[in-house]
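Tertiary structure, described
In case you want the letters, here they are:
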Amino acid sequence: MIKTELCQLLGVQYPIMQAPMGPYDTTELAAAVSNAGGFGVVSHPGAAKEVALKALDSPAEYLEELIEDVKAKVRNALHWVKEHTDCPFGLNLRVAPEHPEVPNLVDMIIEEREKDQDLKKKLRLIITSAGDPGQLHLKKIQEAGMLRFHTVPSVYHARKAEQSGVDAIVATGYEAGGHVAYQPVHTFVLIPAVVEAVKVPVIAGGGICDGAGLVAALAFGAAGIYIGTRFIASKECEFHPRSKEEIIQASKKFPKEASTIVTEGFFGPLRHLKNAYSRKLYELTQSGADRGEILQYEFNGIYLGFGPEGNVENGALWAGQVAERLDKILPAKEIIDRVMKEAEEKLRSLPQRFLSP
Ligand SMILES: Cc1cc2nc3c(=O)[nH]c(=O)nc-3n(C[C@H](O)[C@H](O)[C@H](O)COP(=O)(O)O)c2cc1C
């Protein structure tokens with residue numbers, strides 16, 4: 001049985017965390033992952049499209065409505081997961097300035113935990129990401145008795161996060177799906193460098209889908225792994241079935257070229273599966289199109305791909321390079337069991353194969 005300090009810190013069986021994938025829901029997925037011995041994470045939801053559009057046009061007038069919309073979604077998701085697992089789970093908050101709802105969310109979460117002892121027991125962790133980890137209101141998370149991890153793409157950001165007092169750091173390499181760094185550093189280089197730079201535990205993400213990935217992460221000094229794209233292709237993931245199918249077809253669809261592309265649009269660098277949407281977004285950004293046009297185009301695509309429309313050509317399909325290694329949609333429990341079984345086999349076989357007596 002593989003045990004690391006992450007298992008102890010989070011109170012879980014296995015050192016496997018499900019990465020959050022907002023603005024999409026990972027509510028059922030989080031419960032499934034936690035029930036399977038991993039650590040499930042509720043994603044930071046987006047506001048309903050109509051509300052977000054109104055708030056973009058006229059922030060002062062619609063800010064309150066946006067905050068209430070996101071608060072209701074987070075509250076419902078947390079209670080849903082609490083009702084569907086006896087195990088610990090977490091929540092992600094993207095703490096960039098584009099998310100003015102975060103201070104209200106932090107207060108609401110603390111209140112909900114105080115009102116509901118079961119939620120207090122199970123909601124152990126908030127993972128902050130995509131912004132300054134030193135913001136004052138984030139201190140309330142640990143003061144209320146929760147753990148806080150912060151996600152980083154570089155050694156510089158890891159040091160900053162450690163200085164802000166987080167309990168652990170999630171380091172994700174450029175292979176990852178969704179938001180990636182402006183200055184690319186890949187997992188193979190990033191993880192050992194971050195482990196060397198900080199004293200708190202480090203969790204490795206970006207391109208990990210199997211037991212070999214877990215063993216490699218442990219060999220680099222990480223305390224566990226953080227898996228996003230592999231869990232999109234899971235039975236319990238709430239994303240549109242057509243979008244999950246696109247992920248597992250990536251290697252067949254792109255036999256001669258990489259299946260993903262990074263765009264630098266209005267929302268910063270994002271790794272997507274290649275489709276009509278991401279290629280056009282790439283062209284717009286490369287041709288120096290108007291920022292307003294890019295924002296409009298990018299925003300319109302965000303809900304189309306993984307959301308209820310399942311428009312896999314004209315919608316965003318954020319996914320990591322590891323999509324090319326996936327060929328089956330599996331139950332979350334099977335994904336976790338396979339990772340653990342393979343990692344244990346590898347750990348046992350490596351000395352026999354490579355260490356001389
Ligand atoms: C569809 C999608 C949405 C994501 N949304 C978020 C998010 O809301 N917050 C965040 O911190 N990271 C987000 N990420 C990044 C993941 O949390 C994680 O770092 C990444 O998936 C790990 O790499 P992998 O996809 O290769 O496993 C997203 C990734 C994907 C694929």
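Right above here is the structure, for reference.
A short tour of the structure in this document, coming up. (Residues numbered from 1 in each chain as written. Predicted model: local features only at pLDDT ≥ 70, side-chain atom pairs only at ≥ 80, totals over all residues. Heavy atoms only, no water.)

Section: the packing of helix α3 (residues 49-57) against helix α15 (residues 291-302)
α15 packs onto α3 with a crossing angle of 165° between their chain directions and a minimal axis gap of 12 Å. Here α3 is positioned roughly antiparallel relative to α15, judged by the angle of their axes. In this structure, the crossing between α3 and α15 has a hand that is right-handed. Taken together, the residues of α15 that come into contact with α3 (itself represented by Lys49, Ala52, Leu53 and Leu56) are Leu295, Phe299 and Asn300. Counted by class, the contact of α3 with α15 contains five nonpolar, one polar and one charged residues. (Axes fitted to C-alpha atoms, helices over the stretch in contact; angles between N-to-C directions. Helix = DSSP H or I, 4+ residues; strand = E, 2+ residues; numbered from the N terminus. Parallel < 35°, antiparallel > 145°, perpendicular 65-115°, else oblique. Left-handed = near helix turned anticlockwise from the far one by under 90°. Contact = heavy atoms within 4.5 Å. Nonpolar A, V, L, I, M, F, W, Y, C, P; charged D, E, K, R; others polar.)

So, helix α9 (residues 187-197)
Of all the positions in α9, only Thr187, Leu190, Ile191, Val194 and Ala197 are classed as buried. Seen from one end, α9 has its buried residues packed into an arc of 135°, which puts them on one side. Those residues of α9 that are exposed and aimed more than 90 degrees away from the buried face are Phe188, Val189 and Glu196. Each element contacted by the buried residues of α9 is listed here: β5 (147-152), α8 (155-163), β6 (168-172) and β8 (202-205). (Buried < 20%, exposed > 50% of the residue type's maximum accessible area, 1.4 Å probe, protein only. Arc of directions from axis to C-beta.)

A few points about the packing of aromatic side chains
As enumerated under the stated definition, the model contains eight aromatic pairs in all. Ring geometry for Tyr277 against Tyr297: centres 5.1 Å apart, planes inclined by 15°, an arrangement best described as stacked. Taken together, the positions of Tyr277 in helix α14 (residues 276-286) and Tyr297 in helix α15 put the pair 20 residues apart, joining distant regions of the chain. Relative accessible area serves as the criterion here: at 1%, Tyr277 is assigned to the buried category. Every member of this aromatic cluster is reached through a ring pair, and the members are Tyr24, Phe239, Phe306 and Trp318. The side chain of Arg271 reaches across the aromatic face of Tyr174, ending 5.0 Å from its centre. (Phe/Tyr/Trp six-rings, centres within 6.5 Å; stacked < 30°, edge-to-face > 60°. Lys NZ or Arg CZ within 6 Å of the ring centre and 35° of its normal.)

Considerations on the sheet that holds strand β7 (residues 178-179)
Taken in spatial order, the three strands line up as β7-β11-β10 in an open sheet, and their pairing is antiparallel. Each edge of the open sheet is held by one strand with a lone partner, namely β7 and β10 (260-265). Sheet analysis places β7 next to strand β11 (residues 268-273), joined by two bridges and oriented antiparallel. Looking at β11, one finds that Gly178 is bridged to Arg271. Its contacts with the sheet place α14 against β10 and β11, and it is angled at close to 40° to β10. (Pairing = 2+ DSSP bridges.)

Nothing here speaks to function; it is all geometry.
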